[in-house]
Amino acid sequence: MTSNDPLLQPYQLKHLTLKNRIMSTAHEPAYSEEGMPTDRYRLYHREKAKGGIALTMTAGSAVVSSDSPPAFGNLHAYKDEIVPWLKRLADDCHEFGAAVMIQLTHLGRRTGWNKGDWLPVLAPSPLREPAHRAFPKAIEDWDIERIVGDFASAAQRMQDAGLDGIELEAYGHLTDGFWSPATNRREDEFGGSLDNRMRFSMMVTEAIRKAVGPDFIVGIRLVADEDWEKGLSREEGVEIAKRLAASGTIDFLNIIRGHIDSDAALTKVIPIQGMASAPHLDFAGEVRAATKFPIFHAARISDVATARHAIAEGKLDMVGMTRAHIADPHIVNKVMSGQEAHIRPCVGATYCLDRIYEGGEALCIHNAATGREAEMPHQIEPAPTFRKAVVIGAGPAGLEAARVLGERGHKVDVLEASGKAGGQVNLLTRNPRRKEMIGIIDWRLSELERLGVAIHYDVYAGADEVLAFEPDIVVVATGGIAQSPELEGGDSLVTSSWDILAGAVKPEGLVLLYDDNGGHPGMSAAEVIANSGAELELVSPERFFAPEMGGMNHVPYAKTFAEKNVRVTINTRLKSVRRDGNALVAVLGSDFSEHTQWERRVSQVVVEHGTMANDELYLELKPLSRNLGAVDYQALIARRAPLPEKYAAGAFDLIRIGDAISSRNIHAAIYDALRYCSLL
């Protein structure tokens with residue numbers, strides 16, 4: 001069958017035919033083991049290939065030298081033992097008709113000296129990058145010679161592994177560090193004129209081409225405008241793109257706009273929730289028009305309609321939907337089969353990247369199978385025996401449980417106490433900047449409609465209401481309720497962050513918000529308060545605020561706090577609150593001194609201390625269940641039926657998930673639902 005869809009048209013890149021126009025650009029999910037792309041890494045890319053993608057770009061980036069310390073769990077492209085691992089990955093992806101490439105780099109100053117082998121960090125000039133804080137040494141002639149050779153050797157390894165090509169990284173790393181006036185202050189043959197500043201990159205590309213021959217595909221992901229007064233200008237960036245295109249050493253350009261030396265700058269390059277969609281797409285199209293060369297690009301192109309527009313209008317040759325594929329690796333297959341409406345949406349939460357930059361691994365906020373392909377299914381298999389299930393609660397955990405049980409073929413009924421699905425997501429979307437998060441709920445409601453799962457609203461379920469369905473499986477997903485921190489006095493005088501977000505309490509006057517949870521709930525309430533016009537002081541007992549949140553999500557909060565003159569106080573604990581006339585007095589203290597405390601006279605004290613499990617129904621059902629609520633954790637981890645069978649008196653298996661167990665986050669709730677219910 002043929003299609004007129006622009007996204008489904010093949011693209012010819014030299015000898016390589018890419019079967020459609022959708023790719024996943026290079027990113028480091030940090031699934032490697034000792035720098036090697038072992039099974040977890042392989043299966044992550046295999047799933048995207050299985051899902052129909054034309055090109056998956058591995059690594060973000062694989063380091064070519066041992067003095068490019070791996071700051072993000074980077075692959076070690078300088079080691080020979082990487083070849084068989086990559087060959088297995090490539091073979092797996094080729095099985096599904098997907099091409100595989102890898103991004104190579106020397107990180108330059110964008111890393112830390114106390115990673116890897118503790119070798120000095122290098123840069124064209126000894127200028128510190130704020131984000132990684134290392135003070136680099138100025139690269140020397142012998143370093144340049146060595147690293148050029150390292151690039152060529154790494155490219156040969158990738159060719160030996162059977163990859164379809166490589167991409168060099170040139171934004172925020174060593175290569176473009178030479179290009180940018182902001183980072184290159186040299187006075188030798190590598191500094192000054194554009195010819196000199198491009199000398200290193202030309203040496204690298206020529207050495208690579210000599211090593212791999214004329215046919216192997218070599219591209220470069222480059223910044224063509226640093227959007228920075230002291231950095232690389234648009235004019236020089238486009239000129240660099242033109243020169244690379246004309247060099248005969250490069251086969252495609254992957255366009256970036258912006259600089260990434262700080263968290264604030266990074267979010268302009270990789271926009272997050274509440275920021276513009278596809279902000280650099282038109283610029284990439286302008287580079288394509290100027291160079292008349294194959295152009296790839298990705299920057300928050302999260303929906304198929306935007307991707308289709310990018311190809312149809314001739315702005316791009318290949319469109320990157322990278323975070324979108326973390327949310328749903330089967331985008332292309334769903335487009336091809338007419339199921340575009342069933343694509344799990346990327347909601348821009350950027351939980352994936354924040355985890356990487358904080359030293360974790362990439363996880364999608366609402367696809368718990370991503371990165372867990374060896375254990376968790378992306379496509380749910382039918383159960384051998386169909387059963388009746390009741391899910392109590394229509395928040396993220398309950399809706400995911402109902403979806404998975406419905407896909408298994410069970411008869412599922414959902415009981416929701418309120419008149420609307422969503423749970424705490426309905427609270428967080430009251431912050432206008434985070435309204436995209438409702439996609440987590442809307443997608444699941446659409447899936448439940450497809451599966452014929454009934455949701456019964458305004459049912460405050462007790463045991464009798466649940467048992468009336470004669471269930472074989474009961475999933476308690478009743479969530480939690482806001483709780484206050486333990487205070488020495490004044491518990492009744494504080495306001496919950498939930499009340500602020502829900503609009504039940506209007507911020508007024510001078511507000512003190514005490515957050516000892518350290519995640520989005522307190523920060524989102526603070527953002528709403530600051531934007532209301534109230535004067536706000538944010539107090540945290542942590543040594544920095546919002547430690548549960550990564551640097552990219554930190555940016556919009558910090559921007560609001562700076563613009564609204566919010567006072568931020570750390571290392572400080574709320575001890576008690578008392579009334580004083582029409583005002584409240586918040587008594588503050590320090591964990592570091594028992595003899596120090598001080599007071600704030602304010603209009604309101606708002607607190608955020610996570611949630612308390614709403615477990616009344618669970619406790620009521622527990623003695624009536626077959627398993628008495630018990631879970632065999634070892635069986636669960638090993639992907640065997642997690643519910644013990646030795647209890648025979650009850651009529652149903654009882655499972656508790658999400659915040660109904662304890663205060664966690666959306667990903668944990670959805671992971672609970674998937675890992676339990678996919679076995680039932």
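Nothing here was measured: the structure is a model prediction, and the numbers come from that model. (Residues numbered from 1 in each chain as written. Predicted model: local features only at pLDDT ≥ 70, side-chain atom pairs only at ≥ 80, totals over all residues. Heavy atoms only, no water.)

Draft legend 1. Quick look at the sheet that holds strand 14 (residues 411-415). In space, the 5 strands of this open sheet follow the order 15-14-13-16-27, with parallel pairing throughout. If you trace the sheet from one side to the other, it starts and ends with strand 15 (454-456) and strand 27 (653-656), each paired once. When strand polarity is set aside, the average angle formed by the axes of neighbouring strands in this sheet is 20 degrees. Looking at chain direction, strand 13 (residues 388-392) and strand 16 (residues 473-476) are connected through 4 bridges and run parallel. Residue pairing for strand 16: A389 is matched across the bridge by I473. (Pairing = 2+ DSSP bridges. Helix = DSSP H or I, 4+ residues; strand = E, 2+ residues; numbered from the N terminus. Axes fitted to C-alpha atoms, helices over the stretch in contact; angles between N-to-C directions.)

Draft legend 2. Region of the structure containing the domain arrangement of the chain. The assigned domain composition of the chain is domain 1 (6-359), domain 2 (388-479 + 614-678) and domain 3 (482-611). Using C-alpha coordinates to define each centre, domain 1 is positioned 40 Å away from domain 3. Residue-level contacts link 12 residues of domain 1 with 6 residues of domain 3. Where domain 1 abuts domain 3, roughly 780 Å² becomes buried across the two surfaces, and 64% of that area is made up of carbon and sulfur atoms. It is D263, I272 and D354 in domain 1 that bury the most area against domain 3; as a group they hold 53% of the surface buried on that side. There are 0 salt bridges connecting domain 1 and domain 3. Summed over the shared surface of domain 1 and domain 3, the result is 6 residue pairs in polar contact (both at pLDDT 80 or more). For the side of domain 1 that touches domain 3, the secondary structure elements donating two or more residues are helix 8 (263-269) and helix 13 (351-357). For the side of domain 1 that touches domain 3, the element with the most residues is helix 8, which contributes 4 residues. Looking at the side of domain 1 that touches domain 3 residue by residue, the classes come out as 7 nonpolar, 2 polar and 3 charged. (Domains from an automatic or database assignment. Contact = heavy atoms within 4.5 Å. Buried area = accessible area lost by both parts, 1.4 Å probe. Salt bridge = Lys/Arg side-chain N within 4 Å of Asp/Glu carboxyl O. Polar contact = N/O pair within 3.5 Å; in protein donor to acceptor, adjacent residues only side chain to side chain. Nonpolar A, V, L, I, M, F, W, Y, C, P; charged D, E, K, R; others polar.)

Draft legend 3. The state of the cysteines, seen in detail. Counted according to the given criterion, the structure contains 0 disulfides. Free of any disulfide, C93 has its nearest neighbouring cysteine sulfur in C352, separated by 19 Å. Free cysteine C352: the closest other cysteine sulfur is in C346, separated by 6.6 Å. Classification of C352 as buried rests on a relative accessible area of 8%. (Disulfide = S-S within 2.5 Å. Buried < 20%, exposed > 50% of the residue type's maximum accessible area, 1.4 Å probe, protein only.)

Draft legend 4. Spatial organisation of the packing of helix 14 (residues 396-407) against helix 23 (residues 666-677). Direction vectors running N to C along helix 14 and helix 23 enclose 25 degrees, while the axes themselves pass 8 Å from each other. The angle between helix 14 and helix 23 falls in the class roughly parallel. Between helix 14 and helix 23 lies a crossing whose hand is right-handed. Residue-level contacts link P396, A397, E400, A401, V404 and L405 of helix 14 to I666, A669, I670, A673, L674 and C677 of helix 23. The residue inventory of the contact of helix 14 with helix 23, partitioned by class, reads 11 nonpolar, no polar and 1 charged. (Parallel < 35°, antiparallel > 145°, perpendicular 65-115°, else oblique. Left-handed = near helix turned anticlockwise from the far one by under 90°.)

Draft legend 5. Representation of the side chain of S201 within the structure. Tracing the chain through its elements places S201 in helix 6 (residues 199-212). At 2.9 Å, the side chain of S201 and the backbone oxygen of M198 are in polar contact. Here S201 is in contact with T175 and W179, once residues within four sequence places are set aside.

Draft legend 6. Structural view of the pairing of strand 14. Burial within strand 14 is extensive, with 4 of its 5 residues counted as buried. Direction of pairing for strand 13 relative to strand 14: parallel, over a ladder of 5 bridges. Bridging from a neighbouring strand, I392 pairs with L415 of strand 14. The parallel pair strand 13 and strand 14, bridged by helix 14, forms a crossover whose chirality is right-handed. The pairing of strand 14 with strand 15 spans 3 bridges and is parallel. Counterpart to D413 in the pairing with strand 15 is A454. (Right-handed = clockwise from strand over helix to strand, strands pointing away.)

Draft legend 7. Region of interest: the pattern of salt bridges. For the coordinates displayed, the defined rule picks out 45 salt bridges. E140 serves as the salt-bridge partner of K137, at 2.7 Å between the closest nitrogen and oxygen. When its relative accessible area of 25% is taken as the criterion, K137 is described as partly exposed. Given a relative accessible area of 34%, E140 falls into the partly exposed group. Across the pair E236 and R197 runs a salt bridge, and its minimum N-O distance is 2.7 Å. Highlighted residues: E236 in helix 7 (residues 234-246) and R197 in helix 5 (residues 194-197), separated in sequence by 39 residues. Relative accessible area serves as the criterion here: at 23%, E236 is assigned to the partly exposed category.

Draft legend 8. View of the UniProt feature "domain: FAD/NAD(P)-binding" (unreviewed entry) in the chain. UniProt records the feature "domain: FAD/NAD(P)-binding" (unreviewed entry) for residues 388-620 in the present numbering. Across residues 388-620, the secondary structure splits into 30% helix and 30% strand, with the terminal C-alpha atoms separated by 20 Å. (UniProt positions renumbered as here; feature names shortened; annotations may be inferred.)

Draft legend 9. Structural view of the nonpolar core. One finds I102, L104, I166, F200, L222, L244 and L253 to be the most contacted residues of the largest nonpolar core, which totals 103 residues. Examining the composition of this core, we find that 7 residues originate from one element, helix 3 (residues 141-160), more than from any other. When residues no more than four places from it in sequence are discounted, the contact partners of L104 are S61, A62, V64, A77, F151, A154, A155, M158, I166, E167, L168 and E169. In this structure, M376, A477, L679 and L680 belong to the second largest nonpolar core, which totals 44 residues. (Core = buried A, V, L, I, M, F, W, Y, C linked by side-chain atoms within 4.5 Å.)

Draft legend 10. Expanded view of the side chain of R300. Secondary-structure assignment places R300 in the loop between strand 11 (295-297) and helix 10 (304-312). For R300, a relative accessible area of 9% corresponds to the buried category. Polar side-chain contacts of R300 include one of 2.4 Å to the backbone oxygen of M275. If sequence neighbours within four positions are ignored, R300 has contacts with P271, I272, Q273, G274, M275, A276, S277, A278, R323, V347, G348 and E436.

Draft legend 11. Region of interest: the packing of aromatic side chains. Applying the stated rule across the entire model yields 7 aromatic pairs. Centroid distance W113 to W118: 5.3 Å. Interplanar angle 80 degrees. Geometry classified as edge-to-face. We classify W113 as partly exposed; its relative accessible area is 45%. On the basis of relative accessible area, W118 is assigned to the exposed category, the value being 55%. (Phe/Tyr/Trp six-rings, centres within 6.5 Å; stacked < 30°, edge-to-face > 60°.)

Draft legend 12. Broad picture of a negative patch on the surface. A cluster of acidic side chains, namely D464, E465, E616 and E620, defines a negative patch on the protein surface. Elements supplying a minimum of two residues to the negative patch: helix 17 (463-467) and helix 21 (616-621). Here E465 is to be found in helix 17. (Patch = residues over 30% accessible without salt bridge, like charges linked within 9 Å, V, L, I, M, F, W, Y side chains within 5 Å. Areas by Shrake-Rupley, 256 points an atom, 1.4 Å probe, with all protein chains shown as cover. Lys, Arg positive; Asp, Glu negative; His and termini not counted. Charge placed at Lys NZ, Arg CZ, Asp CG, Glu CD.)

Draft legend 13. Representation of the sheet that holds strand 5 (residues 99-105) within the structure. The 8 strands lie next to each other as 3-4-5-8-9-10-11-12, forming a closed barrel whose pairing is parallel. With strand direction ignored, the average angle separating the axes of adjacent strands in the sheet is 25 degrees. Bridge count between strand 8 (residues 165-170) and strand 9 (residues 217-223): 6 bridges; the pairing is parallel. Among the inter-strand pairings, G165 is bridged to a residue of strand 9, identified as I217. Packed on one face of the sheet, helix 7 meets strand 9 and strand 10 (252-256) and runs near 175 degrees to strand 9.

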